[in-house]
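Observations on the three-dimensional arrangement
Next come the chains, spelled out residue by residue.
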Amino acid sequence: MGNKWFFNLLYFLFSLPLWMLPFFWMAADWPFPNLFPTTYTVRSLAGIPGLGQSIGLSLAISLSGALISTLTGFILSKEVAYHRHHHHFLLIGYLPLLLSPVLYAMSLFYFFIMFGLDATVVGIMLGQQLILLPYAFILCMGHWTDTFANYLQLTENYGANRIQKVRYLLFPMSKKLLFLCLFQTFLISWFDFAITSYIGVGQVKTLTVLVYQYLLEADYYFAAGISALIIYPPVLLLIFNRLLAKGLAFLRTELPST
Amino acid sequence: MIEIEKLSKSYGRERVLRDLDLQCERGSTISILGKSGGGKTSLLKIIAGIARQDTGIIRIDGVDHSQTKSSLRKAYYIFQEPLLFPHLNVFQNIAFGLKLKKTDKTVLHAQTTTMMEMLELPEHATKYPHELSGGQKQRVAFGRALVMQPQVLLLDEPFGALDTETRAMMQQLYLRLSGELNFTALFVTHDLKEALTVGDKYAVLKNGSCDIHNGIESLMADKESGLEAEVSFWSNYMNNA
């Protein structure tokens, strides 16, 4: 019982910024040192120019980025994992993650200008892949164990073709990893500000760029509102994902026998 | 029948098999003994076609399979781990190979059911691997291979991870199935008692090649087999007890 309270307290403390965002968004007056605003007002986000377009743009960039990096990272890691020089490839995979994303974007910005990719959606997607792909690659590398290699040999021994290997072995035994990787890379891309604003030169207005724009204009209340738009969907997705996982586990026990 | 001629395999500079010759008559089992890292697993994987030899010839029932695809050899490899698919139940695991071959549904069902009966598994048909004991899992792995009607069975310490009692039961089951289905088998084991129980002949792998022994006396005379040392240990132990 004591443990339950302790962990509930930790959950609350670590998610405090999430609870505070709506107060910030709805506050009309919030004098220091009050813990909560003294008066509230309703600020509709519908009036923010280009908000719908920003949401669409952020979703498109993050979804496509997550899909591309997850699939490429998965395939690449499988090809590399059983190579005798796999540790070199793994080390190379870590290199892009050593620099902060903004320094990384800065150091490669020249090439983006050269190929006309600055201030474009394609440029941002490509820039994000420089972080997302190594991340997915490293996450997937741990999946390819000696036991998995034996499974691959077993399916080969039983005559599985490429499609059958994917259908009966690779997908069912990797789907948890694939969903995790997809979710994580989506989040990295969804919350990215550094690469998006640097390579996009502020011209490609994703949600994070929009937040920063309102912060610069000292309109903290709208910035908080847009931040809520950025943060709550992934949180809801996470909750939905856990519920779905529970539901699937329940369904699995109900599957017909043969 | 398996015939191996001058089989060689190297990993980098390390030569694990060198000009190895081996013959195993149809319907018989050869127990393979030898030190760890001595090339036993490599030998079995090469025969199964899931690893490639550098040189040498592999014939199964008179047909040269040195370069054929693994699935065309009808030589099935049984790993030390059962390697059951966790998302498939017992029935589906046993029927795995038949499903890959796109076997007719009625035939698939009949053959899998027969195999489950032979392995005393029908009551576990709907269970998933995590609900089975170690011995049951290994029986399913056996069923998955045997339902394919193999010409050759390649067993790589299949009972190595089981407790003594289950291991003895599995050895008896193996002998029964071997008699009923008349398959040819190479059985790798580190356990001398197991080697003597399941094998018709014994092969000791050393320095990349192997010596075949037709009986216990001959095996006893081979120091590398460890049989003489084992017998003398137990006789000393019993004398001192």
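Scroll up to find the structure this text is about.
Below is a summary of the structure that appears in this document. Just so you know, these numbers come straight off a predicted model, no measurement behind them. (Residues numbered from 1 in each chain as written. Chains lettered and ligands numbered in written order. Predicted model: local features only at pLDDT ≥ 70, side-chain atom pairs only at ≥ 80, totals over all residues.)

**Description of unusual backbone geometry**
What you tend to see is this: most non-glycine residues have negative phi, and most peptide bonds are trans. Going from Phe32 of chain A to Pro33 of chain A, the amide bond is cis rather than trans, its omega being 10°. Inspection of the secondary structure assignment puts Pro33 of chain A in the loop between β1 (27–29) and β2 (39–40). With a phi close to 45°, Asp19 of chain B is a non-glycine residue in the positive phi region. Its 12 C-beta neighbours within 10 Å are what place Asp19 of chain B among the exposed residues. (Helix = DSSP H or I, 4+ residues; strand = E, 2+ residues; numbered from the N terminus. Buried ≥ 20, exposed ≤ 12 C-beta atoms within 10 Å, placed from the backbone.)

**Quick look at the environment of Leu18 of chain A**
All names here are of chain A. Positionally, Leu18 belongs in helix α2 (residues 16–26). Along the chain, Leu18 and Ser227 lie 209 residues apart, while their C-alpha atoms are 9.6 Å from each other. Contact partners of Leu18, with chain neighbours within four places excluded, come to Ile231 and Val235. (Contact = placed C-beta atoms within 7 Å.)

**Remarks on the interface of chain B and chain A**
Of the residues lining the interface, 19 residues belong to chain B; the matching set on chain A comes to 14 residues. Elements represented by at least two residues in the side of chain B that touches chain A include exactly β6 (75–78), α2 (90–94) and α3 (96–100) of chain B. Among the elements that make up the side of chain B that touches chain A, the one with the highest residue count is α3 of chain B (three residues). Broken down by class, the residue content of the side of chain B that touches chain A amounts to 10 nonpolar, seven polar and two charged. (Nonpolar A, V, L, I, M, F, W, Y, C, P; charged D, E, K, R; others polar.)

**So, the sheet that holds strand β10 (residues 209–213) of chain B**
All names here are of chain B. Sheet architecture is open: six strands sit in the order β6-β7-β8-β3-β9-β10, paired in mixed fashion. Each edge of the sheet is formed by a strand with only one pairing partner; in this case those strands are β6 and β10. Across the sheet, the mean angle separating the axes of adjacent strands is 20° when strand polarity is ignored. Pairing between strand β3 (residues 29–34) and strand β9 (residues 201–206): five bridges, direction parallel. Bridge pairing links Leu33 to Val204 in β9. Against the sheet, helix α1 (residues 40–48) touches β3, β6, β7 (152–156), β8 (184–188) and β9, its axis set at about 155° to β7. (Pairing = 2+ DSSP bridges. Axes fitted to C-alpha atoms, helices over the stretch in contact; angles between N-to-C directions.)

**What to know about the packing of helix α4 (residues 86–94) of chain A against helix α6 (residues 121–141) of chain A**
Residues and elements named next belong to chain A. Viewed as axis vectors pointing N to C, α4 and α6 meet at an angle of 140°, and their least axial separation amounts to 9 Å. Judged on the interaxial angle alone, α6 and α4 are oblique. The chirality of how α4 crosses α6 is left-handed. The residues of α6 that touch α4, namely those facing Leu90, Gly93 and Tyr94, are Pro134, Phe137, Ile138 and Met141. The residue makeup of the contact of α4 with α6, split by class, is six nonpolar, one polar and no charged. (Parallel < 35°, antiparallel > 145°, perpendicular 65-115°, else oblique. Left-handed = near helix turned anticlockwise from the far one by under 90°.)

**Here's the deal with the pairing of strand β4 (residues 55–60) of chain B**
Residue and element names in this part refer to chain B. With five bridges connecting them, strand β1 (residues 2–11) and β4 associate as antiparallel partners. From the neighbouring strand, Glu3 faces β4, where its bridge partner is Arg59. Joining the antiparallel neighbours β4 and strand β5 (residues 63–64) is a turn of two residues, in which Asp61 adopts a positive phi near 50°.

**A few points about the pairing of β6 of chain B**
Residues and elements named next belong to chain B. Of the two faces of β6, the one carrying Ala75 and Tyr77 and the one carrying Tyr76 and Ile78 are both buried. Examined bridge by bridge, β6 and β7 share four bridges and lie parallel to one another. Considered in β7, the bridge of Tyr76 is made with Leu153.

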